[in-house]
Amino acid sequence: KITKKLEIISGTAYDKHGISKVRVSIKNETDNLFWDGKKWTTKEIYIDADGTENWTYKPVSFDSRYFHTYKIKSKAINKKGKEEKTAKERMITIEP
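What you see is a predicted model, and the numbers here were worked out from it, not measured in a lab.

Q: Go over the side chain of K75, please, and point to the residues and values.
A: Along the chain, the position of K75 falls in strand β9 (residues 69–78). At 3.3 Å, the side chain of K75 and the side chain of E83 are in polar contact. Other than its neighbours up to four places away in sequence, K75 contacts K21, V22, R23, Y46, E83, E84, K85 and A87.

Q: Tell me about the side chain of S74, and please be specific about residues and values.
A: For S74, the position within the fold is in strand β9. The contacts of S74, once residues within four sequence positions are left out, are V22, R23, V24, W55, E84, A87 and K88.

Q: So what's going on with the nonpolar core? Residues and values would help.
A: In this structure, I9, V24, I26, Y57 and Y70 are the most contacted members of the largest nonpolar core, which totals 19 residues. Those elements that provide at least two residues to this core are β3 (19–28), β8 (54–57), β9 and β10 (88–94). Among the elements that line this core, the one with the most residues is β3, at 4 residues.

About the cut-offs
Residues numbered from 1 in each chain as written. Predicted model: local features only at pLDDT ≥ 70, side-chain atom pairs only at ≥ 80, totals over all residues. Heavy atoms only, no water. Helix = DSSP H or I, 4+ residues; strand = E, 2+ residues; numbered from the N terminus. Polar contact = N/O pair within 3.5 Å; in protein donor to acceptor, adjacent residues only side chain to side chain. Contact = heavy atoms within 4.5 Å. Core = buried A, V, L, I, M, F, W, Y, C linked by side-chain atoms within 4.5 Å. Buried < 20%, exposed > 50% of the residue type's maximum accessible area, 1.4 Å probe, protein only.

Structure follows, in structure tokens:
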């Protein structure tokens, strides 16, 4: 998907035991860096999203760069504490 700005990430999650939280990872594929919620870093960080079955994450102070590609990953954790084994992924490219 091509977009002009990354303002909000959203999705849905389901587990028969219910969802306790969803975590999101943002990787700048162009620079090979990860967003930690405040700045870019070399280590992958999963950030807590708002909500559970219907969740959102608004990257505050996120400096999206034109012509860069980002990999967005999300993982749900159910109410028994079991984390999704494989994160869901989506790629986006920022263009003016």
